[in-house]
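Residues per chain, in single letters:
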Amino acid sequence: MILSLHRLLAIINKEWKDSMKNPQILLMAGIPILMAILAKGRPQTAGEGMDIFTLPLMVAIVTVGAFAQALMISEEKEKNTLRALMLSPASPMEVLLGKSAMTAVFTAVVIVICTQITGIPDLHIGFLILFVLIMLIIFMAFGTIIGLISRTASETSIVGLPVLLIFIFGPMFGTGIDSAVIVKIVELLPSYQFMIGLSEHAHGGGFEGVKGSLLNLAIWAAAAIVLTLIIYRSKSFDK
């Protein structure tokens, strides 16, 4: 599949204009920044350093990378502009990349701001970028899926947000539940592997220490991309 740079840039330009007019995107971007400020300002115990760093990043990836993406796509569905894109000469990859570009930029900016507020632990920057990049791919795909299957923007909020919140708070509370099955499910979540992988690396684990988490995230990313393409193609044939 050959991507058309002209069509891709046209879609990105449209997304830029639409996102600048959407106050919900700015609201989503402000949540992790506020969380980073509050987390940095309160007293810390010895074991909280990594949580204060990783939690705002996780919230940024979920609220901006996934939920904001879902809102933008569902709003386009309501305006019937997404349908026009699906029927245009643009390929599914061009449409999905174009619609994800601004979300990725916004999320990256928010993550940089959060890291400047909380400070960066003793992490190799290459590992940090790799983990964040894979997480962005996973959750932008999730956001795209939620937006595609939601009938309206309000339905996205009602159905999509609770699901996405599970990824944020599941690793924090799920492992404390007295159920081996639930604990095992939580440990498979990409958000859990993201936090555990960075924590392991910060405590001296090299590639051997994080390869299990990276493999888990890679599988999630591949599955999310395939599912997104399948749902996109099925929606393009809907009447």
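Predicted model, so just to flag it, every value in this text is computed and none were measured.

Reading the values: rules and limits
- Residues numbered from 1 in each chain as written.
- Predicted model: local features only at pLDDT ≥ 70, side-chain atom pairs only at ≥ 80, totals over all residues.
- Heavy atoms only, no water.
- Helix = DSSP H or I, 4+ residues; strand = E, 2+ residues; numbered from the N terminus.
- Rg over C-alpha atoms; globule rule 2.2 N^0.38 Å.
- Buried < 20%, exposed > 50% of the residue type's maximum accessible area, 1.4 Å probe, protein only.
- Areas by Shrake-Rupley, 256 points an atom, 1.4 Å probe, with all protein chains shown as cover.
- Lys, Arg positive; Asp, Glu negative; His and termini not counted.
- Charge placed at Lys NZ, Arg CZ, Asp CG, Glu CD.
- Phe/Tyr/Trp six-rings, centres within 6.5 Å; stacked < 30°, edge-to-face > 60°.
- Core = buried A, V, L, I, M, F, W, Y, C linked by side-chain atoms within 4.5 Å.
- Contact = heavy atoms within 4.5 Å.
- Expected span 1.5 Å × (residues − 1).
- 1 Å grid on protein atoms, 1.4 Å probe; cavity = no way out; pocket = protein on both sides within 12 Å on 5 of 7 lines; lining within 4 Å.
- Points joined across faces, edges and corners; volume = space filled by probe spheres on them.
- Nonpolar A, V, L, I, M, F, W, Y, C, P; charged D, E, K, R; others polar.
- pLDDT = per-residue confidence, 0-100.
- Axes fitted to C-alpha atoms, helices over the stretch in contact; angles between N-to-C directions.
- Parallel < 35°, antiparallel > 145°, perpendicular 65-115°, else oblique.
- Left-handed = near helix turned anticlockwise from the far one by under 90°.

(A) Region of the structure containing the overall build of the chain. Within the chain, the secondary structure is distributed over ten helices and zero strands. Starting at the N terminus, the α and β elements of the chain follow one another as α-α-α-α-α-α-α-α-α-α. The globule rule puts the C-alpha radius of gyration for 239 residues at 18 Å, and the 18 Å found for the chain is close to it. Its C-alpha atoms give the chain principal-axis dimensions of about 55 × 35 × 35 Å. For the chain, buried positions account for 48% of its 239 residues. Surface summary for the chain: the accessible area is close to 11900 Å², and the carbon and sulfur share equals 71%. Counting 16 positive and 15 negative side-chain charges, the chain places the averaged centre of each group 11 Å from the other.

(B) A look at the packing of aromatic side chains. This model, assessed by the stated rule, comprises six aromatic pairs. Consider the rings of Phe167 and Trp220, whose centres lie 6.3 Å apart with planes at 85°: the pair is edge-to-face. Linking Phe167 in helix α7 (residues 153-173) with Trp220 in helix α10 (residues 207-236), this pair joins segments that are 53 residues apart in sequence. The class of Trp220 is partly exposed, set by a relative accessible area of 26%. By way of ring pairs, the aromatic residues Phe139, Phe142, Phe167 and Trp220 are connected into one cluster.

(C) Seen up close, the nonpolar core. If you look at the biggest cluster of nonpolar residues, it comprises 55 residues, and the most contacted ones within it are Phe131, Phe139, Phe194 and Leu198. Of all the secondary structure elements, the ones that give two or more residues to this core are α2 (23-41), α3 (49-79), α5 (92-118), α6 (125-149), α7, α9 (190-202) and α10. The leading source of residues in this core is α3, at 16 residues. In this view, Phe139 contacts Met58, Ile61, Val62, Gly65, Ala66, Leu164, Phe167 and Pro190; residues no more than four positions away in its chain are not counted.

(D) Summary view of α6. Counted at 1.5 Å a residue, the expected span for α6 with its 25 residues is 36 Å, and the 36 Å between its end C-alpha atoms agrees. Most of α6 sits out of view: 18 of its 25 residues are buried.

(E) Spotlight on the layout of surface pockets. As a volume, the second largest pocket reaches approximately 280 Å³. Forming the walls of the second largest pocket are 13 residues, and the residues nearest its centre are Leu96, Leu97, Ser100, Ile137 and Ile225. Of all the elements in the fold, those that place two or more residues in the lining of the second largest pocket are α5, α6 and α10. For the lining of the second largest pocket, the element with the highest residue contribution is α5, accounting for five residues. Tallied by class, residues from the lining of the second largest pocket come to ten nonpolar, three polar and no charged.

(F) Looking closely at the confidence of the model for the chain. In the predicted model, the chain carries a mean pLDDT of 81, and 91% of its residues have values of at least 70. Between the elements of the chain, mean pLDDT differs from a low of 74, seen in helix α1 (residues 5-20), to a high of 91, seen in α6.

(G) Summary view of the packing of α6 against α7. Relative orientation of the contacting elements α6 and α7 amounts to 155°, with a least axis distance of 10 Å. By the criterion of interaxial angle, the relationship of α6 to α7 is roughly antiparallel. Where α6 crosses over α7, the two elements pack in a sense that is right-handed. Seen from α6, the contacting residues are Phe139, Phe142, Ile146 and Ile149; seen from α7, they are Glu155, Thr156, Gly160, Leu164 and Phe167. When its residues are assigned to classes, the contact of α6 with α7 shows six nonpolar, two polar and one charged.

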